[in-house]
Amino acid sequence: MSNTRIKKLYQISQKPSREIIGLMSGTSLDGLDIAHCRISGAGETTSVELLHFVTEPYDEGVKDAIREVFAKQMVDFQALTLLNAWIGRRHAEMVNRALAHWRVGAEEIDLIASHGQTVFHAPRSQHGLEDMPNATLQIGDADHIAVGTGIITVGDFRQKHIAAGGEGAPLAVYGDRLIFSEPREHRLLLNIGGIANFTWLPAGEDQRGVFATDTGPGNTLLDAYTRYYFPAQSYDADGYLASRGTAIPELLTELKNHPFFNAPFPKTTGPELFNPAYVQEALFRAGVHDPTPYDVLATLTQFTAETIASAIFKTVGEGDFVVYVSGGGAHNPMIMSYLKIFFRNIFPLDKLGISGDAKEAVLFAVLANETVAGTGALHGLSKEIPTVSMGKISFPT
């Protein structure tokens, strides 16, 4: 084999285990999650050991730059183009810092798996244009990460999912099934990020019932209104602000009064729909004037929890299953207290041996492992979960 880069990739694919850095930056824009994983096997034999994990926070300059283009229909196209390279380079710098801190050499890492930074998610059900497909856009080009770190990088995972008939989300279902399925326990893996989503993993060997969907807003509205009312704070830490208020019933009703919540499952969404303008319209329809910040945040907290519970009951029912929670919302005592009203058996994902904060970064490491070492495709279970091989491979120079 004369192509040394392809030869190296082949050698990585033949190893009994691979060391992979998973990268995830979600719609909350809080920073870059970096997970150093050792992944053995592939497909049904996959096993994961989380060796190191850190979240490299975005400074306000990075957050502001992303917000200029984030979930907006009208943007400065030059700014978006420049950000694609700039974010990729920033992510490479963050990986290099993490490796130096862990005293791990780049030569010890086989692959980087980069999700990128989502700036717009547009399923057909949301954009409503019959002649246009599902679409999504993540920036932070993987070539810049590969060149900046010297490590082969797998990125842009969501495009193949869309090309194969999906909506580009949620992708967690593939990794969830490989890592967390348990023949003796019905499991529901709930992730409360900017948008909330879950994967349903029924017990038993037959996995045709595996299911994944978004439920609606997780932290996105809470974060936006915390910044609006309390500019010095980027989120409602420990749900303290919401705990000082009382939910407004009329507003809660109007927030739920959107076609998204009656649309068939599975479905995906994003801050393109659930944003401050959406809340302002609901306040107007509810006839609520000059609400206190605490009451609005209390209402949004309850809205998140109740729409999560409603989606689960509509799809899974009220049977005997265990809910494992990850994402930023898992650290919000107000959200969790509401969810505990609905679900008897609910625990942090950490109970399964993987940090809930690291979960999404770990899952993209698993997807990259499948891209390189799997059978060529992650086996789907329905038309909404297509059989695909996701991720584009970027070599260093």
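The structure presented is a predicted model; accordingly, all values stated were derived computationally and were not measured. The residue numbering used here restarts from 1 in each chain and proceeds along that chain's sequence as written. The predicted origin of the model limits local features to residues at a pLDDT of at least 70 and limits the giving and counting of side-chain atom pairs to 80 or more, whereas totals for whole chains, interfaces and linings rest on all residues. In computing side-chain properties, one takes all heavy atoms of the structure into account and sets aside hydrogens as well as water.

Colleague: Lay out the pairing of strand β9 (residues 211-217) in plain terms, naming residues and giving numbers.
Modeller: A regular strand places its side chains on the two faces of the sheet in alternate fashion. Burial analysis of β9 places seven of its seven residues in the buried class, which makes it a mostly covered element. A pair of strands counts as paired when DSSP detects no fewer than two bridges linking them. Put simply, DSSP marks the helices as runs of H or I at least four residues long and the strands as runs of E at least two long, and each gets a number from the N terminus on. In terms of strand pairing, strand β8 (residues 195-201) meets β9 through six bridges, oriented antiparallel. Residue pairing in the sheet places F198 in a bridge with T213 of β9. For the exposure calls, accessible area comes from a 1.4 Å probe over protein chains only, and a residue counts as buried if that area is under 20% of its type's maximum, exposed if over 50%, partly exposed in between.

Colleague: Residue-level account of the environment of N197, with values.
Modeller: For N197, the location among the structural elements is in strand β8. The sequence separation of N197 and T213 amounts to 16 residues, and the corresponding C-alpha distance is 5.5 Å. Throughout, a contact is declared for two residues whenever any of their heavy atoms are within 4.5 Å. Ignoring anything within four residues of it in the chain, the contact list for N197 reads P170, L189, L190, N191, T213, D214 and T215.

Colleague: Please provide a residue-by-residue account of the pattern of salt bridges, values included.
Modeller: Any Lys or Arg side-chain nitrogen located within 4 Å of an Asp or Glu carboxyl oxygen qualifies as a salt bridge. On inspection of all chains with the given rule, the structure shows 16 salt bridges. The shortest N-O distance in the salt bridge between K63 and E60 comes to 3.5 Å. Of this pair, K63 and E60 are both found in helix α2 (residues 60-67), three residues apart, which corresponds to roughly one turn of the helix. For E60, a relative accessible area of 45% translates into the label partly exposed. In this structure, R344 engages D320 in a salt bridge whose closest nitrogen and oxygen atoms are separated by 3.9 Å. Taken together, the residues span a long stretch of sequence, with R344 in the loop between α13 (333-342) and β11 (346-348) and D320 in the loop between α12 (293-315) and β10 (322-326) at a distance of 24 residues. When sorted by exposure, R344 lands in the same class as D320, which is exposed. A cluster of three or more residues bridged by salt bridges with shared partners is formed by E19, R38 and E49.

Colleague: Go over the environment of P264 with me, naming the residues and quoting the values.
Modeller: With respect to the secondary-structure elements, P264 resides in the loop between α10 (249-256) and α11 (276-286). Expressed as a C-alpha distance, the spacing of P264 and K314, which sit 50 residues apart in the sequence, is 10.0 Å.

Colleague: So what about the sheet that holds β9? Which residues, and what values?
Modeller: Two orientations exist for strands paired in a sheet by backbone hydrogen bonds: parallel and antiparallel. Here five strands make up an open sheet; going across it, the order is β9-β8-β7-β10-β11 and the pairing mixed. Taken across any chain shown, the strands that pair with only one partner, and hence form the sheet edges, are β9 and β11. Taking each pair of neighbouring strands and ignoring which way they run, the sheet shows an average axis angle of 25 degrees. Bridge analysis of β10 against β11 gives three bridges, and the strand direction is parallel. Lines are fitted to the C-alpha atoms to define the axes, a helix being fitted only along its stretch in contact, and any angle between axes, read from their N-to-C directions, falls within 0 to 180 degrees.

Colleague: Give a description of the packing of aromatic side chains that names residues and reports values.
Modeller: Geometrically, a pair of aromatic rings is defined through the distance of the ring centres and the angle of the planes. Only rings of Phe, Tyr and Trp enter the pairing, Trp through its six-membered ring, and a pair is recorded when the two centres are within 6.5 Å. The plane angle decides the type: under 30 degrees is stacked, over 60 is edge-to-face, the rest tilted. Following the criterion strictly, the structure yields 18 aromatic pairs and no others. On the basis of an interplanar angle of 65 degrees and a centroid distance of 6.2 Å, the ring pair of F313 and F342 is categorised as edge-to-face. Taken together, the positions of F313 in helix α12 and F342 in helix α13 put the pair 29 residues apart, joining distant regions of the chain. By relative accessible area, which is 32% here, F342 ends up partly exposed. Measuring from ring centre to ring centre gives 6.3 Å for Y324 and F347, while their planes differ by 35 degrees; the resulting arrangement is tilted. Of this pair, Y324 sits in strand β10 while F347 sits in strand β11; the two residues are 23 residues apart in sequence, bridging distant segments of the chain. Given the relative accessible area of 4%, Y324 is considered buried.

Colleague: Could you give me a rundown of the packing of helix α3 (residues 77-102) against helix α5 (residues 142-149), with the residues and numbers involved?
Modeller: Between α3 and α5, whose axes approach to 8 Å, the crossing angle comes to 35 degrees. Helix-helix and strand crossings are classified by hand; for α3 and α5 the assignment is right-handed. Contact residues: A85, G88, R89, H91, A92, V95 and N96 in α3; H144, I145, G148 and T149 in α5. In this scheme the crossing of two helices becomes right-handed for a clockwise turn of the near helix relative to the far one and left-handed for an anticlockwise turn of less than a right angle.

Colleague: Please provide a residue-by-residue account of the environment of E49, values included.
Modeller: With respect to the element layout, E49 can be found in strand β3 (residues 47-57). For the pair E49 and E19, spaced 30 residues apart in the sequence, the C-alpha separation amounts to 9.5 Å. Not counting the four nearest positions on each side in its chain, E49 is found in contact with H36, C37 and R38.

Colleague: Please provide a residue-by-residue account of the side chain of K359, values included.
Modeller: Following the sequence through the fold, K359 ends up in helix α14 (residues 359-373). When its relative accessible area of 3% is taken as the criterion, K359 is described as buried. In this structure K359 touches D176, F180, L189, S326, L349 and I354, once residues within four positions along its chain are discounted.

Colleague: How would you sum up the nonpolar core? Please name residues and give values.
Modeller: Among the buried residues, those of types Ala, Val, Leu, Ile, Met, Phe, Trp, Tyr and Cys that are joined through side-chain atoms within 4.5 Å form a nonpolar core. Counting 46 residues, the largest nonpolar core has L190 and L339 as the members making the most contacts within it. In terms of residue count, the dominant contributor to this core is α12 (nine residues). Contact partners of L339, with chain neighbours within four places excluded, come to L190, I192, A305, I308 and I346.

Colleague: Give a description of the pairing of strand β4 (residues 111-122) that names residues and reports values.
Modeller: Counted residue by residue, β4 has eleven buried out of twelve residues, so it is predominantly covered. One ladder, built from five bridges, connects strand β1 (residues 17-25) with β4; its direction is parallel. Pairing of I20 across the sheet is with L111, part of β4. As judged from the three bridges shared by β4 and strand β6 (residues 153-155), these two strands associate in the parallel manner. Within β6, the position partnered with I112 by the bridge is T153. Across five bridges, the pairing between β4 and strand β5 (residues 135-139) is antiparallel.

Colleague: Can you lay out the packing of α10 against α12 for me, pointing to particular residues and giving the numbers?
Modeller: Across the interface, α10 lies against α12 with an axial gap of 10 Å and an inter-helix angle of 45 degrees. By the angle between their axes, α10 is oblique relative to α12. Between α10 and α12 lies a crossing whose hand is right-handed. In this structure, α10 uses L251, L252, L255 and K256 to contact α12, whose residues at the interface are T299, L300, Q302, F303, E306 and T307. Considering only residue class, the contact of α10 with α12 consists of five nonpolar, three polar and two charged. Orientation categories follow fixed angle ranges, with anything under 35 degrees roughly parallel, anything over 145 roughly antiparallel, 65 to 115 roughly perpendicular, and all other angles oblique. Residue type decides the class: Asp, Glu, Lys and Arg count as charged, Ala, Val, Leu, Ile, Met, Phe, Trp, Tyr, Cys and Pro as nonpolar, and the leftover types, Gly among them, as polar.

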